[in-house]
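Structure assessment
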Amino acid sequence: MDSTNTSAVSRLKGLDYRVLQQCMHCGLCLPVCPTYNDTKMERNSPRGRISLARAIADGRLDLTPEYAREMYFCLGCLACTSACPAGVNYAEIFEHARAAAEEARLLNSPLRRLIRWFTVKWLFMDLRRLLFVGRLLRFYQAIGLQRLIRGSGVMKLFPKRLQELEAMAPDIPAKFSAQLIAPVTPAQGTRRYRVAMLTGCAQDLIFSEVNRDTVEVLARNGCEVYTPPRQSCCGSLHGHNGEYALAQELARRNIDQFPPDQFDAIISNAGGCGSHLKHYAQLLEHDPKYHDRAHQWDAKLKDVHEWLAFIGLAPIKDLQAPKQKVTYHESCHLCHGQKITAQPRQLLKAIPGLDFVELPESNWCCGSAGIYNITQPEMAGKLLVRKMEHIKATGASVVANGNSGCLLQLVNGAKQTHQPTRVAHPMTLLAEAYRRADKAAGKS
Amino acid sequence: MMAPEPVLTSKEDLIPYAFDGTAALSQMPGAVVFPRDAEQVSRLLQWANRERVPIIPRGSGSGLSGGSVPTPGSVVMCLVKLDRVLEVDRKNLTVMVETGATTEAVATAVGAANLFYPPDPGSMKISTIGGNVAENSGGLRGLKYGVTRNYVMGMEVVLPQGEIVWMGNKCVKDVAGYNLKDVFIGSEGTLGVITRVLLKLIPKPAAKKTMLATFAEMEKAAETISAIIAAQIIPCTLEFLDRTTIKCVEDFAHIGLPLDCDAIVLMETDGHAAVVAEESARMEQICRAHGCTSVHVAKDDTEAVQLASARRAAFSALARVAPTTILEDVTVPRSELAQMIRFIQNVAKTDQLRVGVFGHMGDGNLHPTFLTDERNHAEMEKVEKALHKIIEETIRLGGTITGEHGVGLAKKRFLPRQLGETQLRVMRELRRVLDPAGVLNPGKMFD
Ligand SMILES: Cc1cc2nc3c(=O)[nH]c(=O)nc-3n(C[C@H](O)[C@H](O)[C@H](O)COP(=O)(O)OP(=O)(O)OC[C@H]3O[C@@H](n4cnc5c(N)ncnc54)[C@H](O)[C@@H]3O)c2cc1C
Ligand code: SF4
Ligand code: SF4
């Protein structure tokens, strides 16, 4: 074993007592694991993956490419952590395992290197780059080039994978968050809280309206909202894809930009980001300069649903509200990562005219899982089909969801299956309800 | 070998099959295969007889006695891909399933037909019906409804040399010849590979009531349970958790279990509404007469399900306290429960060991679980000694070394003490007749 491999192994060894041994291999996590459910093979299960990590830590297995592939086949959906009575911290095992795989350079094909460099190391490290690419995409879509290229069949000349990726490219809205939201939005009525809102990167690129709606709902609930135009990515993509150092750098940048002692809460409206954002202390464990502030940060970081349910949602009065049947798909990192399940439902049910129906398997991954739908299209596709079938069966006209990755996946799913279902963030549905109520009140 | 794809042989594929749910047992197999029907099982067994390769039947590997832990160079025959629910027969109240189906899948399928399959081991979400039959598993409802054995009406078994045989039928009565299928129930994968089972079903009970009683002392809880049985009340569930276990379960489930008591008893009665009302009232009375500190009635079905699921998580939840959980499965006559609990507490105290106790109290089945670390050899030795003492006391009280988890590897050394030479000899001979080459799960239960 060379030295990079040894240090990568020591990363897993460092985990050993704290988390690896905690798994008593009862198997209670197996039925909730989407990859095990599909293949019925133990290595594709949480219990199997943990046993492999432990074998490496114990020196019974080398850090092999096969192992690395396994850890990239795992969705990182964390359903296993909700199911595990023993409290195994699978999230930590998962991140360290992927980091070890990257450090040992186990999956080193030139194409993979390029894609990873482009996404993880370049694109998502700087919002300006992301927005630039976003603008490019928007331009490409706006001038009809997309239609032209798709119509011309040119794409058929490219490998199938690239064609699928092209089809998945999101529709880029006309404006990004900074153009929609003022740096400081005053509270409506009495100011009860001062909060910061993290606009996110993918979120900002594709769902800037969701950010605007979130700020509006917060402001309507007595929050003064601080939203500086240039923000950093939260680093979850990096953390989940084995780039620990970059994830740490982004965490420091965020703490610097939003000193936690200056806010009552720091708000995230994307489940995946929030789940990562709440663990900066763990990430900066060995950084004496940031460690204390990281703890403060974790305590202040709130998912928007969690926060609104906590401060109490201002009632929406609207007798003429249109009827709409809405179901709710849970973002893995909101329900399993942050254990937030009741609050989004509670908020949705507060919307006048809304008929809430439960979605079967609502907390089962939709296959989006960060960039999983790009790296593991087959498994992601199966999960999406399963999800879309359940959504269809509810008969709901709207499916609500609180995470940008899932929103995007569901939009694609609806497109692929020709389902007319609308996909919307709960904050958008809430903002619309407030606006409708205002209008109704103004009229009467 | 004529096995269907995939045949697993790489190290990364095999390591996860080196263990089951039992602590501190592990051995790599040589390969893992996934047969899809009895025919494939048969061919594999014929091959194994020719090549003298040990075959280890396996369901989901949730076993707690090491029954599906491989022997060196063995082939694990994993049955999870043989998992169809074949027929729910509403006229005869039966269900036919392939043995890789999970207990929960079966319960759900028959529930949809408004029928009820009562055996519900704590592991039911993942355990397979094959594993349940092979271990004769119990569950939370064993007291009133019995264990897996009471529901098996027929089965298809592939014998160790590859013959496929069907035993039993849909008849309520059948005395044609020896009741051979019963030998395979609880055989722990040593006598044949079970590929299909015909299970008896019953109508869903019309009503049920779930209650939780708290006690300041464990012995009081044990006495209460003995008193309920002595009063000739047979509720469907009488489960018990001690202080350590309650805390761990609450840490996981967050359902507001009382943390300021030494023991809780979970009680459930079901059946006709009037009977349920009467039984629950009488049980509450007995609890109070025996010094319980409170009785709480579950307000609805959701809460009742929450309580039962929390109880099912007990064993795994104990791993929150210590990395290695050595679990016992001793069972005593129900009149001896308080004595057994006292004994376990004393052993833990004098040997300075941490123990969490829970179990199917109504069945007299206790799961004292030692909380330790397998790397602490000195403590592991102490645990081993404590186990011996508990086993001795169990046998002295007329109990058994295992009520439901089986012998496998974990209890093998205690089996001669429990059975005596004659029983053991008959079992050995029976096994030799069925499996002369010794290919099926060798080294398990006895040599
Ligand atoms: C958290 C937890 C709670 C539990 N609660 C209970 C409980 O309440 N009551 C209880 O009784 N047990 C309980 N168990 C133990 C265990 O789940 C049961 O023994 C279960 O029946 C095992 O099923 P499995 O599919 O996992 O079998 P495995 O562990 O894979 O195998 C068990 C044994 O059965 C044999 N076997 C499996 N399938 C077949 C087949 N088709 N043909 C022949 N032999 C076969 C194997 O060779 C092995 O000897 C619990 C376990 C856990 C982890
Ligand atoms: S991760 Fe948890 S639930 Fe899964 S096998 Fe390990 S202890 Fe059991
Ligand atoms: S994170 Fe999801 S895919 Fe990965 S092991 Fe856990 S449940 Fe399975």
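Residues numbered from 1 in each chain as written. Chains lettered and ligands numbered in written order. Predicted model: local features only at pLDDT ≥ 70, side-chain atom pairs only at ≥ 80, totals over all residues. Heavy atoms only, no water.

Turning our eyes to something else, we now look at the overall build of chain B. Within chain B one finds 15 helices and 17 strands. Here chain B has a C-alpha radius of gyration of 22 Å; the compact-globule value for 447 residues is 22 Å, and the two agree. C-alpha extents for chain B along the principal axes are approximately 65 × 60 × 45 Å. When contacts within chain B are restricted to residue pairs at least 6 apart in sequence, those whose partners lie at least 24 apart make up 72%. When the accessible surface of chain B is split by element, carbon and sulfur atoms take 52% of a total near 17600 Å². Positive and negative side-chain charges of chain B, numbering 49 and 53 respectively, have mean locations separated by a distance of 1 Å. (Helix = DSSP H or I, 4+ residues; strand = E, 2+ residues; numbered from the N terminus. Rg over C-alpha atoms; globule rule 2.2 N^0.38 Å. Contact = heavy atoms within 4.5 Å. Areas by Shrake-Rupley, 256 points an atom, 1.4 Å probe, with all protein chains shown as cover. Lys, Arg positive; Asp, Glu negative; His and termini not counted. Charge placed at Lys NZ, Arg CZ, Asp CG, Glu CD.)

Turning our eyes to something else, we now look at the domain arrangement of chain B. Residue and element names in this part refer to chain B. Here chain B is partitioned into domain 1 (11–78), domain 2 (85–203), domain 3 (207–313) and domain 4 (316–409). Here the C-alpha centroids of domain 2 and domain 4 sit 29 Å apart. Contact with domain 2, which involves nine residues of that partner, is made by nine residues of domain 4. For the pair domain 2 and domain 4, the summed buried area comes to about 560 Å², and 41% of that belongs to carbon and sulfur atoms. Linking domain 2 to domain 4 there are zero salt bridges. (Domains from an automatic or database assignment. Buried area = accessible area lost by both parts, 1.4 Å probe. Salt bridge = Lys/Arg side-chain N within 4 Å of Asp/Glu carboxyl O.)

Bring the parts together and some accessible area is lost; that lost area is often taken as the interface size. With 38 residues of chain B in contact, the opposing surface of chain A contributes 35 residues. Interface area for chain B against chain A, summed over the two sides, is near 2900 Å², with a carbon-plus-sulfur share of 57%. Counting across the chain B and chain A interface gives four salt bridges. As a salt-bridge pair, R43 of chain A and D13 of chain B come within 3.2 Å of each other at their nearest N and O atoms. For the pair chain B and chain A, the number of links is 13 residue pairs in polar contact (both at pLDDT 80 or more). Mapped by element, the contributors of at least two residues to the side of chain B that touches chain A are helix 1 (11–14), helix 11 (314–317) and strand 15 (324–327) of chain B. Partitioned by chemical class, the residues of the side of chain B that touches chain A number 16 nonpolar, ten polar and twelve charged. (Polar contact = N/O pair within 3.5 Å; in protein donor to acceptor, adjacent residues only side chain to side chain. Nonpolar A, V, L, I, M, F, W, Y, C, P; charged D, E, K, R; others polar.)

A separate point is the site of ligand 3. Residue and element names in this part refer to chain A. Close to ligand 3 lie 13 residues, the nearest being C33, R49, C74, C77 and C80. Listing elements by their share of the shell around ligand 3, those giving two or more residues are helix 2 (34–39), helix 3 (46–57) and helix 5 (79–83). Residue composition of the shell around ligand 3, by class: ten nonpolar, two polar and one charged. (Near = heavy atom within 4 Å.)

Take the environment of D373 of chain B next. Tracing the backbone through its elements, the reader meets D373 of chain B in the loop between strand 17 (365–372) and helix 13 (377–396). Owing to a relative accessible area of 19%, D373 of chain B belongs among the buried residues under this scheme. With 48 residues separating them along the chain, D373 of chain B and T325 of chain B place their C-alpha atoms 7.8 Å apart. Of the polar contacts made by the side chain of D373 of chain B, one reaches the side chain of Q21 of chain A; its length is 3.3 Å. (Buried < 20%, exposed > 50% of the residue type's maximum accessible area, 1.4 Å probe, protein only.)

Counted according to the given criterion, the structure contains ten aromatic pairs over all chains. Ring centres of Y193 of chain A and W307 of chain A lie 5.0 Å apart, and the angle between their planes is 75°; on these two criteria the pair is classed as edge-to-face. Of this pair, Y193 of chain A sits in strand 2 (residues 193–198) while W307 of chain A sits in helix 19 (residues 304–311), and the two are 114 residues apart along the sequence. Consider the rings of Y17 of chain B and F34 of chain B, whose centres lie 6.4 Å apart with planes at 75°: the pair is edge-to-face. Taken as a pair, Y17 of chain B in the loop between helix 1 and strand 1 (31–33) and F34 of chain B in the loop between strand 1 and helix 2 (38–51) lie far apart in primary sequence, 17 residues in all. The residues Y17 of chain B and F34 of chain B share a single accessibility class, namely buried. Among the aromatic residues, ring-to-ring pairing joins Y193, W307 and F310 of chain A into one connected group. Here the basic side chain of R194 of chain A rests over the ring of Y226 of chain A, its NZ or CZ set 5.6 Å away from the ring centre. (Phe/Tyr/Trp six-rings, centres within 6.5 Å; stacked < 30°, edge-to-face > 60°. Lys NZ or Arg CZ within 6 Å of the ring centre and 35° of its normal.)

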